[in-house]
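# Structural overview for review
Here is what each chain is made of, one letter per residue.
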Amino acid sequence: MTQGFSSLARIGIAAAVMALAAPIAGTGFGSTAFAASQPSGSSGSDTTKCGSGYALNKKTNKCDKTSSIAPDTQLYDKGRALALVGKYDDALAVFAQIKNQDDAKVLTMIGYSKRKLGDMDSGMAYYTKALALEPDNLYTHEYLGELYVELGNVNEAK
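Residues numbered from 1 in each chain as written. Predicted model: local features only at pLDDT ≥ 70, side-chain atom pairs only at ≥ 80, totals over all residues. Heavy atoms only, no water.

### Focus on the packing of aromatic side chains
Scanning the model with the defined rule gives three aromatic pairs in all. When the centroid spacing of 6.3 Å and the interplanar angle of 65° are considered together, the rings of Tyr 88 and Tyr 112 count as edge-to-face. Residue Tyr 88 is found in helix H5 (residues 88–95), and its partner Tyr 112 is found in helix H6 (residues 104–116); the two are separated by 24 residues along the sequence. Neither residue differs from the other here; Tyr 88 and Tyr 112 are each classed as buried. Where Tyr 112 meets Tyr 143, the ring centres are 4.6 Å apart and the plane angle is 45°; that geometry is what we call tilted. Of this pair, Tyr 112 sits in helix H6 while Tyr 143 sits in helix H8 (residues 138–150), placing them 31 residues apart in sequence. You'll find Tyr 112 and Tyr 143 in the same group, each marked buried. (Phe/Tyr/Trp six-rings, centres within 6.5 Å; stacked < 30°, edge-to-face > 60°. Helix = DSSP H or I, 4+ residues; strand = E, 2+ residues; numbered from the N terminus. Buried < 20%, exposed > 50% of the residue type's maximum accessible area, 1.4 Å probe, protein only.)

### As for the packing of helix H4 (residues 72–84) against H6
Axis angle and axis distance: for two packed helices, these are the angle between their axes and the distance between the axes, and together they describe the pair. The contact between H4 and H6 brings their axes to 10 Å, and the two run at 25°. Comparing the axis directions of H4 and H6 gives the class roughly parallel. Crossing of H4 against H6: the hand is left-handed. Of the residues in H6, those in contact with Tyr 76, Arg 80, Ala 83 and Leu 84 of H4 are Lys 105, Val 106, Met 109, Tyr 112 and Ser 113. (Axes fitted to C-alpha atoms, helices over the stretch in contact; angles between N-to-C directions. Parallel < 35°, antiparallel > 145°, perpendicular 65-115°, else oblique. Left-handed = near helix turned anticlockwise from the far one by under 90°. Contact = heavy atoms within 4.5 Å.)

Following this line, the structure appears as structure tokens:
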């Protein structure tokens, strides 16, 4: 025993410091996977937070990857935002995660992304399917008109 603390006491103090420091650092003993999989905050409250890219799964009370539990509306909004800033491949990856692939607005934005990537035939096919589901969808008509203009068919665009 030197300096008033035994080796066992020093180990206990070190463990206590690590236990107290882990929640402050938000990394759970240096593991970002641990922090991402464990919710912080009080159980079941609206203030529960998970690591970046994760969201609380209320059924299991664990943090899951956002895309695995995000509702279609959130995925659509994210995909649409990506498409509108020109990240078409990223948008298509997000749209592929949407469970309801027979939603006219989803089909429209997939068609939009395909068209912007230069795949006019796929864009047309998605627009056609969207209009079969919702014949009065103005966004689909707008993007279909743009496609016709890009193909040089201004009369069809009108």
